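What follows is each chain in one-letter form.
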Amino acid sequence: MIDSLPPLRDVIARHDLRARKALGQNFLLDLNLTARIARAAGDLTQSDVLEVGPGPGGLTRGLLAEGARHVLAIEKDPRCLPALAEIAAAHPGRLTVLQGDALKIDPLAHLNPPIKVVANLPYNVGTELLVRWLTPRDWPPFWESLTLMFQREVAERIVAKPGGKAYGRLALLAQWRCEARIVLTLPPSAFTPPPKVASAVVHLTALPAPRFPADAKVLERVVAAAFNQRRKMLRASLRGLDPQIEARLERLGIPPTARAEEIGLEAFCALARDLT
Ligand code: SAM
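Residues numbered from 1 in each chain as written. Predicted model: local features only at pLDDT ≥ 70, side-chain atom pairs only at ≥ 80, totals over all residues. Heavy atoms only, no water.

1. Some words on the overall build of the protein chain
Then step 1. In terms of helices and strands, the protein chain carries 11 helices and 9 strands.
Then step 2. Principal-axis analysis of the C-alpha atoms gives the protein chain an extent of 65 × 35 × 30 Å.
Then step 3. Residues counted as buried form 49% of the 276 residues belonging to the protein chain.
Then step 4. Contacts in the protein chain between residues at least 24 apart in sequence constitute 70% of all its contacts with a sequence separation of at least 6.
Then step 5. When the accessible surface of the protein chain is summed, it comes to about 13000 Å², and 52% of that surface belongs to carbon and sulfur atoms.
Then step 6. Charge separation in the protein chain, taken as the distance between the mean sites of 36 positive and 28 negative side-chain charges, equals 5 Å. (Helix = DSSP H or I, 4+ residues; strand = E, 2+ residues; numbered from the N terminus. Buried < 20%, exposed > 50% of the residue type's maximum accessible area, 1.4 Å probe, protein only. Contact = heavy atoms within 4.5 Å. Areas by Shrake-Rupley, 256 points an atom, 1.4 Å probe, with all protein chains shown as cover. Lys, Arg positive; Asp, Glu negative; His and termini not counted. Charge placed at Lys NZ, Arg CZ, Asp CG, Glu CD.)

Here it is, written out as C-alpha cells:
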C-alpha cells in the first residue's frame with residue numbers, strides 16, 4: 001500500500017474509465033511499479049514534477065507517495081478528472097490537474113524550479129514531446145531530468161550508440177546535451193490493456209552544457225540530411241549542404257565514404273561547426 005486511496009481497478013470501474021486506443025491509453029495499475037518508476041527519477045522532495053497523461057492516476061500516486069513537492073498533471077481525457085480530483089483531495093496543495101492537450105499547454109506558469117518531468121507517455125505524442133523538450137531555445141532547459149516511458153524500440157533509439165540501426169537523429173539529439181539510459185523494461189502484461197510491444201523507461205539528465213560545441217540548428221540540419229538517406233555515403237547524403245562536402249569531410253578526418261550510422265557525436269559536431 002503506497003497510499004490510503006482505493007485500488008486502481010476500483011477507481012477505473014467506479015468512474016467507467018474504459019481505455020481508449022485513440023488516446024494511447026494503456027494504464028499501469030500496479031502501484032508498487034508506479035512508485036518504482038517515480039523512484040527512477042531520483043529524489044523528488046525538493047522538485048516540482050510535470051506529468052503528462054496521468055490517466056486514472058497510477059503514476060501520479062507513485063510520485064506523490066515518493067514525496068514530490070508538487071505535481072502538475074496535464075490530461076487530455078476529461079473522463080479522468082474526477083479520479084484525479086480524489087487524489088488531489090488526499091494530498092492537499094500538492095497536485096494540480098490541467099485538462100487539455102500537452103502539446104498546446106505551456107506548463108511553466110504552474111511550475112517552480114527545480115522541475116523534473118516524469119510520464120508514461122501516450123505513444124502517439126511521446127516522440128514529439130521528447131523532441132520539444134530536447135530542443136528548447138535556451139540551454140539548460142526548464143527541466144533537470146526526464147523520466148519517460150516509451151515503446152522499447154523508441155527507448156533504444158534514444159540511448160543508441162553508433163554502428164546499429166537504432167542509432168540516428170533521436171540518439172544524437174538526446175546524447176548531445178543529456179546523459180541518457182534505460183532504467184526499466186516492462187512487458188506488455190504490465191499494462192491494462194496490454195499494448196502490442198514491450199515498453200521501457202528512459203532517464204535523461206540535462207547536462208549543464210553540450211558535450212561538444214555546435215550551433216543547434218546547424219547540427220540538426222546536418223544530422224537530418226545524413227540520416228534521411230542513411231544508406232548512402234556521406235559524400236552523397238550531405239551534398240545538398242555543400243557541393244564541396246567531400247573535401248570538407250576529408251579535411252575534418254571524416255571518411256566521405258562512411259555512412260551516417262558510423263559517425264559519432266563528436267564528428268557530427270565538428271562538421272556542424274565547420275559549416276557554421
Ligand atoms: N499515466 C497513466 C498510467 O501510467 O497508467 C496513463 C498512461 S496512458 C499510456 C497515456 C495517457 O495520456 C492517457 O491517460 C491519455 O488520455 C493521455 N493523453 C493522450 N494524449 C494526450 C495529450 N495530447 N495531452 C495530454 N494527455 C494525453
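2. Section: the packing of aromatic side chains
Then step 1. Considering all chains together, one arrives at 3 aromatic pairs under this definition.
Then step 2. For the pair phenylalanine 227 and phenylalanine 268, a centre-to-centre distance of 5.9 Å together with 40 degrees between the ring planes defines the contact as tilted. With a gap of 41 residues between them, phenylalanine 227 in helix α8 (residues 216-228) and phenylalanine 268 in helix α11 (residues 265-274) connect regions that are remote in the sequence. Both residues of the pair, phenylalanine 227 and phenylalanine 268, count as buried.
Then step 3. Ring pairing ties together the aromatic residues Tyr167, Phe227 and Phe268, which thus form one cluster. (Phe/Tyr/Trp six-rings, centres within 6.5 Å; stacked < 30°, edge-to-face > 60°.)

3. Considering the nonpolar core
Then step 1. Formed by 34 residues in total, the largest nonpolar core has its most connected members in Leu130, Trp133, Trp143, Leu148, Phe150, Ile158 and Leu204.
Then step 2. Here this core takes 5 residues from helix α5 (residues 123-134), the largest share from any one element.
Then step 3. With sequence-adjacent residues up to four places away left out, phenylalanine 150 is seen in contact with Leu121, Tyr123, Gly126, Thr127, Leu130, Ala155, Ile158, Ser199, Ala200 and Val202.
Then step 4. Counting 33 residues, the second largest nonpolar core, distinct from the first, contains Val11, Ala68, Met149 and Ala190. (Core = buried A, V, L, I, M, F, W, Y, C linked by side-chain atoms within 4.5 Å.)

4. Regarding the domain arrangement of the protein chain
Then step 1. If you check the domain split of the protein chain, you get domain 1 (8-206) and domain 2 (216-275).
Then step 2. The interface is formed by 12 residues belonging to domain 1 together with 16 residues belonging to domain 2.
Then step 3. Of all residues in domain 1, the largest losses of buried area upon contact with domain 2 belong to Arg169, Leu172 and Trp176, amounting jointly to 56% of the total for that side.
Then step 4. Along the contact surface separating domain 1 from domain 2 lie 1 salt bridge.
Then step 5. The residue arginine 169 makes a salt bridge to glutamate 220 at a minimum N-O spacing of 2.4 Å.
Then step 6. Linking domain 1 with domain 2 are 6 residue pairs in polar contact (both at pLDDT 80 or more), by the criterion used here. (Domains from an automatic or database assignment. Buried area = accessible area lost by both parts, 1.4 Å probe. Salt bridge = Lys/Arg side-chain N within 4 Å of Asp/Glu carboxyl O. Polar contact = N/O pair within 3.5 Å; in protein donor to acceptor, adjacent residues only side chain to side chain.)

5. Comments concerning the layout of surface pockets
By rolling a water-sized probe across the atoms, one finds the places where empty space is left.
Then step 1. By volume, the largest pocket amounts to about 560 Å³.
Then step 2. Looking at the largest pocket, it is lined by 26 residues, and the ones nearest its centre are Val131, Thr135, Arg169, Leu173 and Glu220.
Then step 3. Listing elements by their share of the lining of the largest pocket, those giving two or more residues are α7 (169-177) and α8.
Then step 4. Considering every element that reaches the lining of the largest pocket, the biggest residue donor is α8, with 7 residues.
Then step 5. Looking at the lining of the largest pocket, its residues break down into 13 nonpolar, 3 polar and 10 charged.
Then step 6. A domain-level breakdown of the lining of the largest pocket finds at least three residues from each of domain 1 (8-206) and domain 2 (216-275). (1 Å grid on protein atoms, 1.4 Å probe; cavity = no way out; pocket = protein on both sides within 12 Å on 5 of 7 lines; lining within 4 Å. Points joined across faces, edges and corners; volume = space filled by probe spheres on them. Nonpolar A, V, L, I, M, F, W, Y, C, P; charged D, E, K, R; others polar.)

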